[in-house]
Amino acid sequence: MGEQDCCSTQLIDGNGEFNVTGLHNFMKTAKLADLGLSYAVVAIMGPQSSGKSTLLNHLFRTNFREMDAFRGRSQTTKGIWIAKAVGIEPCTIVMDLEGTDGRERGEDDTAFEKQSALFALAISDIVLINMWCHDIGREQAANKPLLKTVFQVMMRLFSPRKTTLLFVIRDKTKTPLEHLEPVLREDIRKVEVTSLSSYEEKEEQFKDQVAQLRQRFFHSIAPGGLAGDRRGVVPSSGFSFSAQQIWKVIKENRDLDLPSHKVMVATVRCEEIASDKLRCLTSDERWLALEEAVQSNPVPGFGKKLSSILDTYLSEYDLEAFYFDELVRKAKRQQLESKALQLVHPAYVTMLGHLRSKALESFKTHLEQSLRTGDGFAVSVRNCNQACMLEFDRSCADASIQQANWDASRLREKLLRDIEAYASSVCSAKLSETIANQEKKLDQAVAAPVESLLEAGGKDTWASIRRLLRRETEAAISEFSSAVTGFELDQSTFDKMVQNLRDYARSIVEKKSREEAGKVLILMKDRFSSVFNHDKDSMPRVWTGKEDIRTITQDARSESLKLLSVMAAIRLDKKPDKIENVLFSSLIDGTVGVPYSQGSIGDSVDPLASSSWAEILLDKTLITPVQCMTLWRQFKSETDYSVTLANSAQEAYKKSNNWLPPPWAILAMIVLGFNEFMLLLNVDISQLTSSLCWQLAGVLSVTSRFLPTVMNLLRQLAEEAQGHPAPETPSPPHSLASHSLRTQTYQPNLSVSSSVPDSSVSTHISSTEGGVEYSSPHLTHRRGVNVEQAEFS
């Protein structure tokens, strides 16, 4: 920047002399007299060597002299300097004040600080209060006494005007600005606060933040700006005279007394002593060893050891600061004690954390031991909880620090919550284990019997299942109640668990019922086969021709239909239904497949043409009516073959036990022997004998010719009697629709004897692997054993 752009001069020297000539030249150079009210005055105040001149130079591009940090901290600005800001509109006059608390002026000559501060407040539109971040909250370092005194005198000496105080927080820390601002506003109203990073450590960041702050000074005199209140502003042409008169009034005033020398010395020295003791505490070997030890394990006597260390340094402070001002000494001691406690507080928290963990582990161990001895769960929890909390309280008292009034109640409450949570988890685990045991027993006691009862499929099946379910459920509930007595459950929780057991027992029955319903076709076929192929004494039937196959078939199918009616729905609620009646009336009476009656148009629909039963809920339905109709059709189709085999066996049995020759043989003998019979009535014995011999020869000749035909007929009859149809007989159809298959082997063991004499024909029947072989001089035939396999589900 050029010197013509930034003109500056010393307005008031270090002795308090006002530079009238210098101000006149400055106004002429800055062309201030022609601006009227379009100008603003900005001043800065703060401790010596706090970077005021540096901030102004970066903020307003002025050329105030800055301190050389490499030559040590010393007074740079003496008196009050004035300069014109560069590049800011409106024209802004900047004043750099001598820093407060400088050693060059000594301890007694502090009047100039008050005078310069009062001058800045009286003449400026905006006053920057430059202060260190770590001084916020302090009494002397934050210049509170100085500002209060200056404000009081200003109200008395000069007409009030609205001056903006902009606190610039230097070298800001991690503490958010919104937490620092209320402290500054506590005693001073209408202030602005901003913060800046360290110029030495973060120069680039400092410059960026200053550039942002610089923008606030553009158009500062506009309404709402930093210098928006223009009511008490002196016109620019009278600025020089006004400034001289204000300084004259300030110089002649005798009420600007700073705190006494004694207080100032006490403040500095007590703060130095406190800082030294805190530094010694930080590096104390006993404290460092204690801090390291507590990181891994609880330290016995922690509170006494730490209290002794703190008391050592606090006592040393009291001894060294004894002769200084009492109020200052006590205030600094409180600050030292507060900082020392902040230093050791993390170790104290760590110690309490160890105690809490130790108490919780102790509770877990004691609870496990108590439960092993057979004590009730609730009683064990109460006893162990009480013992562990007493031990925790004693340990906390041992860890407490004498100088601090720290409360461990929040950690104690957390320990109680942890114990309660652990006890609850153990309780849940124990109850879950007990419930699982009862459910396992219910599985073993209910599942297999229910399966057996359903497969039996009798009239009282569901009544038996209900009795079984009620008996086993009550037994499980009784055993469960005894097992959970020690948990002291509330009634609602207990009732809920009992209901869950009841529901689980019902679910076992329902699950097993659905499994059995899935294989109902197999069970029906097994039931039919058992009734159809065995008599009332459970002996295998031999189809001799005396059995009424139609009646037996009707009985076998009725028994199978009863089984279907049992499997159709779950009946655990003992409600009557008409499923069996509907099935028998629709299926046994032969109305299946007739969707509508043969009556008028208004007649009802077939009751099986539906997807639900009238008396049964949908979730309790295992087999719908329409599914029953489909199953019955498939069942009849797959059992008709057994009936056909039985009829064939009866016919074969009848034929094999008849001693008369076949009708065609009798007819042939009558036709061929008619003439001989008539001659017998008219000739003598010799003629009759010769004629019979001739006829016998003819019969034998005819018989030998028809013997192959006779053997074929006998073979076919034997195969039919044994369940093997002739080659030209078509096999019965097998239904494979939507049902699983089950193997079914039919092997009737029936024999057919032949009345053909051995002298005429030699017949040999031998058994070979996989079949039966028939042989004769004129016929050799081998047939395999037919095995019908069909598996349905």
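Residues numbered from 1 in each chain as written. Predicted model: local features only at pLDDT ≥ 70, side-chain atom pairs only at ≥ 80, totals over all residues. Heavy atoms only, no water.

**Let's talk about the overall build of the protein**
At step 1: Counting secondary structure elements, the protein contains 22 helices and 10 strands.
At step 2: By the burial criterion, 41% of the 793 residues in the protein qualify as buried.
At step 3: Sequence-distant contacts in the protein: of pairs separated by 6 or more residues, those separated by 24 or more amount to 74%.
At step 4: Surface summary for the protein: the accessible area is close to 44,300 Å², and the carbon and sulfur share equals 52%. (Helix = DSSP H or I, 4+ residues; strand = E, 2+ residues; numbered from the N terminus. Buried < 20%, exposed > 50% of the residue type's maximum accessible area, 1.4 Å probe, protein only. Contact = heavy atoms within 4.5 Å. Areas by Shrake-Rupley, 256 points an atom, 1.4 Å probe, with all protein chains shown as cover.)

**Quick notes on the side chain of Arg-571**
At step 1: Note on placement: Arg-571 falls in the loop between helix H17 (549-567) and helix H18 (579-588).
At step 2: The class for Arg-571 is buried, based on a relative accessible area of 11%.
At step 3: Within the local environment of Arg-571, its side chain forms a polar contact with the backbone oxygen of Ala-569, the two atoms lying 3.3 Å apart.
At step 4: One polar contact links Arg-571 to Asp-577, side chain to side chain, over a distance of 2.8 Å.
At step 5: Once residues lying within four places of it in the same chain are set aside, the contact partners of Arg-571 are Trp-462, Arg-466, Ser-565, Val-566, Asp-577 and Ile-579. (Polar contact = N/O pair within 3.5 Å; in protein donor to acceptor, adjacent residues only side chain to side chain.)

**Side note on the pairing of strand E2 (residues 39-45)**
At step 1: Most of E2 is tucked away, with seven of its seven residues classed as buried.
At step 2: Residues Tyr-39, Val-41, Ala-43 and Met-45 line one face of E2 and the alternating positions Ala-40, Val-42 and Ile-44 line the opposite face, and both faces are buried.
At step 3: Alignment of E2 against strand E4 (residues 91-97), held across six bridges, turns out to be parallel. In the sheet register, Ile-44 faces E4, and the bridge partner there is Asp-96.
At step 4: Relative to strand E5 (residues 126-132), E2 runs parallel, the two sharing four bridges. (Pairing = 2+ DSSP bridges.)

**As for the packing of helix H11 (residues 326-372) against helix H12 (residues 377-399)**
At step 1: Across the interface, H11 lies against H12 with an axial gap of 9 Å and an inter-helix angle of 155 degrees. Our classification of the angle between H11 and H12 gives roughly antiparallel. Considering how the two elements wind past one another, H11 and H12 form a crossing that is right-handed. Contact with H11, carried on its side by Tyr-348, Met-351, Leu-352, Leu-355, Arg-356, Ala-359, Ser-362, Phe-363, His-366, Leu-367, Ser-370 and Leu-371, involves Phe-377, Ser-380, Val-381, Cys-384, Asn-385, Cys-388, Phe-392, Ser-395, Cys-396 and Ala-399 of H12 and no other residues of that element.
At step 2: Its residues placed into classes, the contact of H11 with H12 shows 15 nonpolar, six polar and one charged. (Axes fitted to C-alpha atoms, helices over the stretch in contact; angles between N-to-C directions. Parallel < 35°, antiparallel > 145°, perpendicular 65-115°, else oblique. Left-handed = near helix turned anticlockwise from the far one by under 90°. Nonpolar A, V, L, I, M, F, W, Y, C, P; charged D, E, K, R; others polar.)

**A closer look at the packing of aromatic side chains**
At step 1: Across all of its chains, the model carries 11 aromatic pairs by this definition.
At step 2: Ring geometry for Phe-480 and Phe-494: centres 6.3 Å apart, planes at 15 degrees, overall stacked. Of the two residues, Phe-480 is situated in helix H14 (residues 461-483) and Phe-494 in helix H15 (residues 491-518); the sequence distance between them amounts to 14 residues.
At step 3: Each ring, one from Trp-632 and one from Phe-635, has its centre 5.1 Å from the other, and the planes form 35 degrees; the classification is tilted. Taken together, the positions of Trp-632 and Phe-635, both in helix H19 (residues 625-656) and three residues apart, correspond to about one turn of that helix. The two residues Trp-632 and Phe-635 agree in class, both being buried.
At step 4: The rings of Phe-528, Phe-532, Trp-543, Trp-632 and Phe-635 are connected pair by pair, giving a single aromatic cluster. (Phe/Tyr/Trp six-rings, centres within 6.5 Å; stacked < 30°, edge-to-face > 60°.)

**So, helix H3 (residues 111-123)**
At step 1: In this model H3 runs 18 Å from its N-terminal to its C-terminal C-alpha over 13 residues, within 8% of the 18 Å that 1.5 Å per residue would give.
At step 2: Looking only at H3, the buried set comprises Phe-112, Glu-113, Lys-114, Gln-115, Ser-116, Ala-117, Leu-118, Phe-119, Ala-120, Leu-121, Ala-122 and Ile-123. (Expected span 1.5 Å × (residues − 1).)

**Brief notes about the environment of His-366**
At step 1: Position of His-366 relative to the elements: it lies in helix H11.
At step 2: It is 9.0 Å that separates the C-alpha atoms of His-366 and Val-381, two residues lying 15 residues apart in sequence.

**Considerations on the nonpolar core**
At step 1: In terms of nonpolar packing, the biggest core is built from 96 residues, with Phe-302, Phe-532, Leu-564, Leu-583 and Ile-623 touching the most fellow members.
At step 2: No other element matches H11, which puts 12 residues into this core.
At step 3: Here Leu-564 is in contact with Val-520, Met-524, Leu-583, Ile-623, Cys-628 and Leu-631, once residues within four sequence places are set aside.
At step 4: Among the nonpolar cores identified, the runner-up in size contains 41 residues, and Ile-82, Leu-118, Ala-120 and Ile-129 belong to it. (Core = buried A, V, L, I, M, F, W, Y, C linked by side-chain atoms within 4.5 Å.)

**A look at the confidence of the model for the protein**
At step 1: Taken residue by residue, the protein gives an average pLDDT of 77. The fraction at 70 or more is 71%.
At step 2: Confidence drops under pLDDT 50 across residues 257-261; counting only partners more than four residues distant or on other chains, this segment forms 12 contacts.
At step 3: Low pLDDT (under 50) marks residues 591-603, which in the prediction has 17 contacts with non-local residues, meaning those over four places away or in another chain. (pLDDT = per-residue confidence, 0-100.)

**Re the environment of Leu-288**
At step 1: Structurally, Leu-288 is set in helix H9 (residues 285-294).
At step 2: Leaving out residues up to four positions away in the same chain, Leu-288 has contacts with Thr-282 and Ser-283.

**Looking at the pairing of E4**
At step 1: Where burial is concerned, most of E4 is hidden: seven out of the seven residues are buried.
At step 2: Residues Cys-91, Ile-93, Met-95 and Leu-97 of E4 are buried on one face, and the alternating residues Thr-92, Val-94 and Asp-96, pointing to the opposite face, are buried as well.
At step 3: Pairing of strand E3 (residues 80-84) with E4, which is carried by five bridges, proceeds in the antiparallel orientation. Looking at E4, one finds that Ala-83 is bridged to Val-94.
At step 4: Two successive antiparallel strands, E3 and E4, enclose a turn made up of six residues, where Gly-87 displays a positive phi of approximately 80 degrees.

**Side note on unusual backbone geometry**
Apart from glycine, the bulk of residues carry a negative phi angle, and the bulk of peptide bonds sit in the trans form.
At step 1: Following Glu-89, the chain continues into Pro-90 via a peptide bond in cis, with omega recorded as 0 degrees.
At step 2: In this structure, His-219 takes a positive phi of about 55 degrees despite not being glycine.
At step 3: Even without glycine at this site, Glu-488 takes up a positive phi of about 55 degrees.
At step 4: Mapping Glu-488 onto the fold places it in the loop between H14 and H15.
At step 5: Judged by its relative accessible area of 47%, Glu-488 is partly exposed.

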